[in-house]
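What follows is the residue order along each chain.
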Amino acid sequence: MTKLYSSPLQGFTDFRFRNAFNTYFGGIDTFYSPYIRLNGKRTIKASYERDLLPENNAGIEVIPQIITNDADEFLFVSKYVQSLGYKELNWNLGCPYPMVTKCGMGSGLINDSEKIKQILDRVHSESDISVSMKMRLGYENSEEILNVLPILDTFPLKNIAIHARIGKQLYKGGVNLDGFQKCIDASNHNLYYNGDITTVKSFKEMQLRFPSIDHWMIGRGLISDPFLPNMIKTNTTAYPENKVKIFKEFHDTLYNGYSESLSGASHLLLKMYHLWEYFSVIFSNPKKALKKIKKAKSIRAYDSAVAEILKTERLLT
Ligand SMILES: Cc1cc2nc3c(=O)[nH]c(=O)nc-3n(C[C@H](O)[C@H](O)[C@H](O)COP(=O)(O)O)c2cc1C
């Protein structure tokens, strides 16, 4: 049975987004939360706590994520998430940004098999948390992961999700499907596919290409087209007739939530602008829609920009 996972996007897929998404769209079985990074401190920031509290995620299946290259940090965060009732911690070995990779974390850790082994050894001997991984194919090249997979085979990992790019690419260029196939051939673990699932068509192409994979992670595609997971699940390329109405309710729920939690109009407008960088994609004229949002420098201007975009869309669809 096909399972769809929401691949985390720091700054986007927080608990407010997850709740609103689940209410208006559905189709996602499980959400990974954006990563927790401790930065050497043994405290959990309030924003991480808010994001993971069970009461903020009622009825939603969430798997917390950590980014670290330190076994003590891993164990500390494991205990913390277990105290909230979580049974699994996902380890991020995918983040491509230099401020992370230069510290030997995220995709910058993939070429250090020895360290990965040491950390997993300690976590598995000192904790009973279930561990899953999220990786890229490597940082410098797509062969790096092939050195790690045999080591990962020696641990009882729940699964390994692979974003089929290398860190150096950031988000540029295409996904390396041959590279992902090599991972399938080289690993005994349950692999999840991640990367560039943006339409029902692209999902079906991946499914045909990798018939043994039944777990799929969608990151950016879920924000740019929140209807997508449900359309994949119901095997249709048709949007619901009341697409604009559903989108509006979703938008308003997010907007109201963020207007309560963010201080000041400029923060709120920036947050909404970043969301619209994705949202605009499913509108008939994405560039025009985004331009309208960008031009809106006050709450009133934003409200009327959104109303105008939705009205135009209603007339077109
Ligand atoms: C703005 C942004 C933030 C992200 N934050 C995270 C994160 O916290 N944890 C993670 O594992 N991946 C993170 N990712 C990567 C996505 O989860 C996903 O692996 C990647 O975008 C490829 O999948 P996609 O093509 O479906 O988007 C982030 C990506 C973007 C663009």
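This section reports on the structure supplied with the text. (Residues numbered from 1 in each chain as written. Predicted model: local features only at pLDDT ≥ 70, side-chain atom pairs only at ≥ 80, totals over all residues. Heavy atoms only, no water.)

Details of the environment of Asp-51
Move 1: Mapped onto the fold, Asp-51 is located in helix α2 (residues 46-52).
Move 2: Look at Asp-51 and you get buried, because its relative accessible area is 9%.
Move 3: Linking Asp-51 and Lys-182, residues 131 residues apart in sequence, is a C-alpha distance of 35 Å.
Move 4: Sequence-distant contacts of Asp-51, that is, excluding residues within four places in its chain, are made with Asp-14, Phe-15, Arg-18, Ser-33, Pro-34 and Asn-57. (Helix = DSSP H or I, 4+ residues; strand = E, 2+ residues; numbered from the N terminus. Buried < 20%, exposed > 50% of the residue type's maximum accessible area, 1.4 Å probe, protein only. Contact = heavy atoms within 4.5 Å.)

Concerning the packing of helix α11 (residues 243-261) against helix α12 (residues 265-279)
Move 1: Axis separation between α11 and α12 bottoms out at 10 Å; the angle between their running directions is 150°. Put simply, α11 runs roughly antiparallel to α12. As for the relative orientation of α11 and α12, their crossing is right-handed in sense. Contacts from Phe-247, Phe-250, His-251, Leu-254, Tyr-255, Tyr-258 and Ser-259 of α11 reach α12 at Leu-268, Lys-271, Met-272, Leu-275, Trp-276 and Phe-279.
Move 2: Taken together, the residues that form the contact of α11 with α12 break down as 10 nonpolar, 2 polar and 1 charged. (Axes fitted to C-alpha atoms, helices over the stretch in contact; angles between N-to-C directions. Parallel < 35°, antiparallel > 145°, perpendicular 65-115°, else oblique. Left-handed = near helix turned anticlockwise from the far one by under 90°. Nonpolar A, V, L, I, M, F, W, Y, C, P; charged D, E, K, R; others polar.)

Structural notes on the side chain of His-251
Move 1: Relative to the helices and strands, His-251 resides in helix α11.
Move 2: Of the residues examined, His-251 reaches a relative accessible area of 1% and is grouped as buried.

Details of the sheet that holds strand β7 (residues 160-166)
Move 1: Within the open sheet, the 9 strands sit side by side as β3-β2-β1-β9-β8-β7-β6-β5-β4. Their pairing is parallel. Taken across any chain shown, the strands that pair with only one partner, and hence form the sheet edges, are β3 (62-63) and β4 (65-66).
Move 2: One ladder, built from 4 bridges, connects β7 with strand β8 (residues 191-194); its direction is parallel. Residue pairing across strands places Ala-161 opposite Tyr-192, the latter belonging to β8.
Move 3: Each of β4, β5 (88-93) and β6 (130-138) is contacted by helix α3 (residues 71-83), which is oriented at about 145° to β5, the strand it contacts most. (Pairing = 2+ DSSP bridges.)

Purely geometric numbers; function is a separate question.
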